[in-house]
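Architecture and fold: a report
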Amino acid sequence: RGVTAIHDKDGWLGALRVFQRLRDEESLTLRVWQSLPHEHVDRLAAVGVASGLGDDLLRVGYIKAFLDGTLGSRTALLLDGTGVEITPYEAFEDVVRRSARAGFPVAVHAIGDLANRRALDAFEATQDEWRPRGLRPRIEHAQLLVPEDVGRFAALGVAASVQFSHAPSDRDLADRFWGARTDGAYAFRSLVDSGALVANGSDAPVEELDPLLGIRAGVLRTLDERDAWHPEQTVTVEQALHATCVAPAWLTGDERRRGKLLPGYLADLVVVDRDPFDGPPEELGEVAVVATMLGGRWVHGAPPWE
């Protein structure tokens, strides 16, 4: 599927140990930027563990927190007063401060418009801690935004870590539960146009770990026979590829060594059977991965090719 790197949000279920074992066995075929739960930030600080610890394949990356629930369970925290508050605002602001002092950027799950506003408010209130340290905070999902909050991502330097595939997957639930508010849902084009750094992931296993499918979802806003859902929020192929390849490398501090095909950069690359820029967007679904290279080593589909 052409995956050369992931940002893992396992939390504390043991994925880090699994990745370590795979690396030690020399069978880890992608790069891992590993999150850790915010409940352990003080323990991490006490032993001197900070973001970046590790090697080229496996690194401790960032702290993960949750502000609200989800769309499907109707627990997303909304400005109309509905939803579930998982982490109170004051507690989350404290998490960001303690994480920054320990050397970690924070990624916070926020679905509803109130949750996203609180996340932005907290990052704004704590920027004296994380900005001088060069940390790169992010909001995970950012699914429902009111117009006045869209521009705050770029203004603050907070990344929108979204999943293009969620828009066509969630459209029926969003229309049912959020109604007219879906004008501000999955507002990918609005975020890109505002100057925000938009990073596209998969949210696997909720969605498929398939970058090409995600790119298609961002460009077409549909993955079935139906017309595009809120087509005003479609992104271009170039914007989708930037969000999938370039922006995630920036979030890990690797923008000068990964994410682009340039001399001196790590040779993480994917060979596809056709140029995704050549042809109508509707044919993106026909693009297929031929081979994948990680650090100059073929990890899938080594040539010669037919």
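Not measured: the values here are computed from a predicted model.

Bringing the pairing of strand E2 (residues 31-37) into the picture now. Of all seven residues in E2, seven are buried; the element is thus mostly enclosed. Here E2 shows a buried face lined by Arg 31, Trp 33, Ser 35 and Pro 37 and a second buried face lined by Val 32, Gln 34 and Leu 36. In terms of strand pairing, E2 meets strand E3 (residues 58-66) through six bridges, oriented parallel. Bridge pairing links Val 32 to Leu 58 in E3.

Overall, the coordinates contain 31 salt bridges when judged by the stated rule. For Glu 208, the salt bridge goes to Arg 1, with nearest N and O atoms at 3.0 Å. Placement of the pair is Glu 208 in the loop between strand E7 (198-200) and helix H10 (211-220) and Arg 1 in the segment before strand E1 (5-8), with a sequence separation of 207 residues. Arg 274 is paired through a salt bridge with Glu 286; the nearest N and O atoms lie 3.2 Å apart. Linking Arg 274 in the loop between strand E8 (269-272) and strand E9 (289-294) with Glu 286 in the loop between E8 and E9, this pair joins segments that are 12 residues apart in sequence. Residue class for Arg 274 comes out partly exposed when judged on its relative accessible area of 35%. A single salt-bridge network, built from bridges that share partners, covers Glu 93, Arg 97, Arg 101, Asp 128, Glu 129 and Arg 133.

Another aspect to go through is helix H8 (residues 166-178). In this model H8 runs just 15 Å from its N-terminal to its C-terminal C-alpha over 13 residues, more than 12% under the 18 Å that 1.5 Å per residue would give. If you look at H8, its biggest bend is around 50°, right at Asp 172. For H8, the set of buried residues is His 166, Ala 167, Pro 168, Asp 170, Arg 171, Ala 174, Phe 177 and Trp 178. Contact partners of the buried residues in H8: strand E5 (138-141), helix H9 (188-193) and H10.

Moving on: a nonpolar patch on the surface. On the surface, a cluster of nonpolar side chains totalling about 240 Å² of accessible area is made up of Phe 66, Val 84 and Ile 86. Checked against the element boundaries, Ile 86 lands in the loop between E3 and helix H3 (89-102). Residue Ile 86 is classed as partly exposed on the basis of its relative accessible area of 45%.

Sheet strands pair by backbone hydrogen bonding; their relative direction is either parallel or antiparallel. Sheet architecture is open: three strands sit in the order E8-E9-E10, paired in antiparallel fashion. Every interior strand has two partners, whereas the edge strands, E8 and strand E10 (297-300), have only one. Neighbour-to-neighbour, the strand axes of this sheet turn through a mean angle of 30°, independent of strand direction. For E9 and E10, the ladder comprises three bridges, and the chain directions are antiparallel. What sits directly across from Met 293, in E10, is Trp 298.

Taken in spatial order, the seven strands make up an open sheet running E1-E2-E3-E4-E5-E6-E7, and their pairing is parallel. Sheet topology places E1 and E7 at the edges, where each strand pairs with a single neighbour. When strand polarity is set aside, the average angle formed by the axes of neighbouring strands in this sheet is 25°. Where E5 and strand E6 (residues 159-162) come together, three bridges link them in parallel fashion.

Leave glycine aside and you will find that most residues have negative phi; peptide bonds, for their part, are mostly trans. The amide bond that connects Ala 204 to the next residue, Pro 205, takes the cis arrangement and shows omega of 10°. In this fold, Pro 205 is placed in the loop between E7 and H10. With a phi close to 60°, Glu 26 is a non-glycine residue in the positive phi region. One non-glycine residue, Tyr 186, lies in the positive phi region at around 50°. Of note, Tyr 186 is situated in the loop between H8 and H9. For Tyr 186, a relative accessible area of 0% puts it in the buried group.

Turning to the packing of H10 against helix H11 (residues 237-251), a few remarks are in order. Two elements in contact, H10 and H11, have axes whose closest approach is 9 Å; the angle formed by their N-to-C orientations is 135°. Considering their axes alone, H10 and H11 lie oblique with respect to each other. Seen from above, H10 lies across H11 with right-handed handedness. For the pair formed by H10 and H11, the contact residues are Pro 211, Ile 215 and Val 219 on the first element and Val 237, Ala 240, Leu 241 and Thr 244 on the second. Considering only residue class, the contact of H10 with H11 consists of six nonpolar, one polar and no charged.

So, about the environment of Ser 99. When you line up the elements, Ser 99 lands in helix H3. Taking C-alpha positions, Ser 99 is 13 Å from Gly 134, a pair spaced 35 residues apart along the chain. Setting aside anything within four residues of it in sequence, one finds Ser 99 in contact with Val 41, Ile 63, Phe 104 and Val 106.

Conventions we followed
Residues numbered from 1 in each chain as written. Predicted model: local features only at pLDDT ≥ 70, side-chain atom pairs only at ≥ 80, totals over all residues. Heavy atoms only, no water. Buried < 20%, exposed > 50% of the residue type's maximum accessible area, 1.4 Å probe, protein only. Helix = DSSP H or I, 4+ residues; strand = E, 2+ residues; numbered from the N terminus. Pairing = 2+ DSSP bridges. Salt bridge = Lys/Arg side-chain N within 4 Å of Asp/Glu carboxyl O. Expected span 1.5 Å × (residues − 1). Bend = angle between axes of the 7 residues up to and from the residue. Contact = heavy atoms within 4.5 Å. Patch = residues over 30% accessible without salt bridge, like charges linked within 9 Å, V, L, I, M, F, W, Y side chains within 5 Å. Areas by Shrake-Rupley, 256 points an atom, 1.4 Å probe, with all protein chains shown as cover. Axes fitted to C-alpha atoms, helices over the stretch in contact; angles between N-to-C directions. Parallel < 35°, antiparallel > 145°, perpendicular 65-115°, else oblique. Left-handed = near helix turned anticlockwise from the far one by under 90°. Nonpolar A, V, L, I, M, F, W, Y, C, P; charged D, E, K, R; others polar.

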